[in-house]
Structures are given as structure tokens and as C-alpha cells.
Amino acid sequence: MLRAEGVTKEFQHKRGIVHVLKDASFSIESGEYVSVVGASGSGKSTLLLMLGGMLSPTAGRVLLDGESLYELGSGGRTGVRREKIGFVFQTFNLIPYLTALENVQVPLMLSGTRMQRQNEIASDLLNRVGLSDRLEHKPSELSVGQQQRVALARMLANDPAVILADEPTGNLDPETGRQILQFLGEVNAQGRTVVVVTHDAEAATDAQRKLRLENGSVVPG
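Residues numbered from 1 in each chain as written. Predicted model: local features only at pLDDT ≥ 70, side-chain atom pairs only at ≥ 80, totals over all residues. Heavy atoms only, no water.

Engineer: Outline the overall build of the protein, supporting the account with residue identities and numerical values.
Structural biologist: The number of helices and strands found in the protein is seven helices and 10 strands. Over its C-alpha atoms the protein spans a radius of gyration of 17 Å, differing by no more than 12% from the 17 Å that the globule rule assigns to 221 residues. Across its three principal axes, the protein shows a C-alpha extent of roughly 50 × 40 × 40 Å. Within the protein, residue pairs in contact and separated by at least 24 positions form 68% of the contacts whose partners lie at least 6 positions apart. (Helix = DSSP H or I, 4+ residues; strand = E, 2+ residues; numbered from the N terminus. Rg over C-alpha atoms; globule rule 2.2 N^0.38 Å. Contact = heavy atoms within 4.5 Å.)

Engineer: Explain the environment of Asp200 to me, and be specific about the residues and the numbers.
Structural biologist: With respect to the helices and strands, Asp200 occurs in the loop between strand S8 (193-197) and helix H7 (201-205). On the basis of relative accessible area, Asp200 is assigned to the partly exposed category, the value being 27%. C-alpha of Asp200 to C-alpha of Ser30: the two residues are 170 residues apart in sequence and 24 Å apart in space. (Buried < 20%, exposed > 50% of the residue type's maximum accessible area, 1.4 Å probe, protein only.)

Engineer: Explain the pattern of salt bridges to me, and be specific about the residues and the numbers.
Structural biologist: Inspection of every chain in the model, using the stated rule, returns nine salt bridges. Salt-bridge contacts for Glu5 lead to Arg3; the nearest nitrogen and oxygen are separated by 2.9 Å. Residue Glu5 is classed as partly exposed on the basis of its relative accessible area, which comes to 28%. On the basis of relative accessible area, Arg3 is assigned to the partly exposed category, the value being 32%. With its nearest N and O atoms 3.0 Å apart, the salt bridge here joins Asp133 to Arg134. Under the relative-accessibility criterion, Asp133 is labelled partly exposed at 49%. Residues joined in a network through salt bridges with shared partners are Arg3, Glu5, Arg61 and Glu71. (Salt bridge = Lys/Arg side-chain N within 4 Å of Asp/Glu carboxyl O.)

Engineer: For unusual backbone geometry, give the residues involved together with the corresponding values.
Structural biologist: A positive phi angle, close to 60°, is found at Asn93, a residue other than glycine. With respect to the helices and strands, Asn93 occurs in the loop between strand S6 (85-89) and helix H3 (100-110). One non-glycine residue with positive phi stands out, namely Asp159, at about 50°. Position of Asp159 among the secondary structure elements: in the loop between helix H5 (144-155) and strand S7 (162-166). A relative accessible area of 52% means that Asp159 is categorised as exposed.

Engineer: I'd like to hear about the packing of aromatic side chains, residue by residue, with values.
Structural biologist: On inspection of all chains with the given rule, the structure shows one aromatic pair. Residues Phe87 and Phe89 carry aromatic rings whose centres are separated by 5.8 Å and whose planes lie at 5° to one another, so their mutual orientation is stacked. As far as burial versus exposure is concerned, Phe87 and Phe89 are alike and both buried. (Phe/Tyr/Trp six-rings, centres within 6.5 Å; stacked < 30°, edge-to-face > 60°.)

Engineer: So what's going on with the nonpolar core? Residues and values would help.
Structural biologist: Grouped together as the largest cluster of nonpolar side chains are 35 residues, with contacts concentrated most on Val104, Leu126, Val150 and Leu184. Mapped by element, the contributors of at least two residues to this core are H3, helix H4 (115-128), H5, S7, helix H6 (174-189) and S8. Val150 has contacts with Leu94, Ala100, Asn103, Val104, Leu126, Leu131 and Leu142, leaving out every residue within four places of it along the chain. (Core = buried A, V, L, I, M, F, W, Y, C linked by side-chain atoms within 4.5 Å.)

Structure below.
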């Protein structure tokens, strides 16, 4: 489903060129649960953004379902992200002036879903993550763990086939982090592909397979 072919990523720095990834090639099959691990600054988040069609490689190709993401126009990549990919970030990226329900409705609104159906889907997803009594609360009125659960519900709003999670437990206490990982395991068991960037050894053990970044190269975990 997801494939990298000779992917290289370089950034221009005032002291010269920084090589983040070097000729990385690997495949992630449909329905797999894969963790991406490596030292801080090794390029894990950069790799995840490239897999999600949000950061173009300097060289090489990223393919999703056989389609080369960066040979599409920006509009084409936006469509792929909207229809096939769900993102979870360490910082949650919730809209502060919207309620939990409205935050989950955002991707549904962007995809043209009817308002009544938006309400039904968003309410059901928030119920699934244990927030049925927090629908009208804004992010500032929620705990950090509850905000992450809103982000998880929003991620699932358009029923994506691929979940890309960047340090989803990084800001959470151990118990809440374990709940988040359990939820990701459940959505993987439903057939979704899950790719998690993490520095947490426990989080990495939940995956079926590891990809490790070392000196810009991707090696088996």
C-alpha cells in the first residue's frame, strides 16, 4: 500500500546541506502496524510527513496504492489525504474556538458531508473515544488526554485507510498514553494501516514491525 523508492531528503542549512534521508526504500503493506524509531533528530517526523503527502522528497518516489504522490498536483495530494489518510500529531492541532464536536466535524465539512450526517458521525466517534459527555467542550476545557482523544476521533472522521501518528503519546501520562495506543491497535485490527513515529520503547512494541532510522538510512528494527 505505502512504498518508498530511493527516497532522499535534504535541507539547506547555513552551514551546508543536511542529509535527513538517504536513498530509503521500503514497503508497508495494507493492514500492517509499523513503528518508526530512531534517535532524536534522525528524521522520523520528516519521513512521516513525506509518507502522508505533506513534504516532497528531494529525490525518489512515495507511492500510495500504486499512485506516486509527488507526481500529483497539490490538489491531487490534498484529495488523497482527505480520502485515504488520517493524521495524529503530538500537538493535537485542535481549533481552539471550536467545540469537540465541531473539531471532529471539520474534515466531514471539507468533504461535503451533510450537516445532519456530520453530527451523527462526530457524535459516534466521540462516544467511541469516551467523550460523549464532552461534545460541547472547547479544547481549553479538556484535559491533555481528552484533547488527544478528540484528535483521534477527528482522524477517523473520513474513515481513512491509513493512519499516520507522530509521537501520539509524547505529551501524555503513561496511563493515558497506554489508552491511546490501545485505540490505535483497535483501529489497526479493523483493517487500517497504522504507522507510528515514536521514541517510546513500549509504544514501539505494539507494532508488528519496526523501521529504524540510522544516519539517514532506513533499516529493519
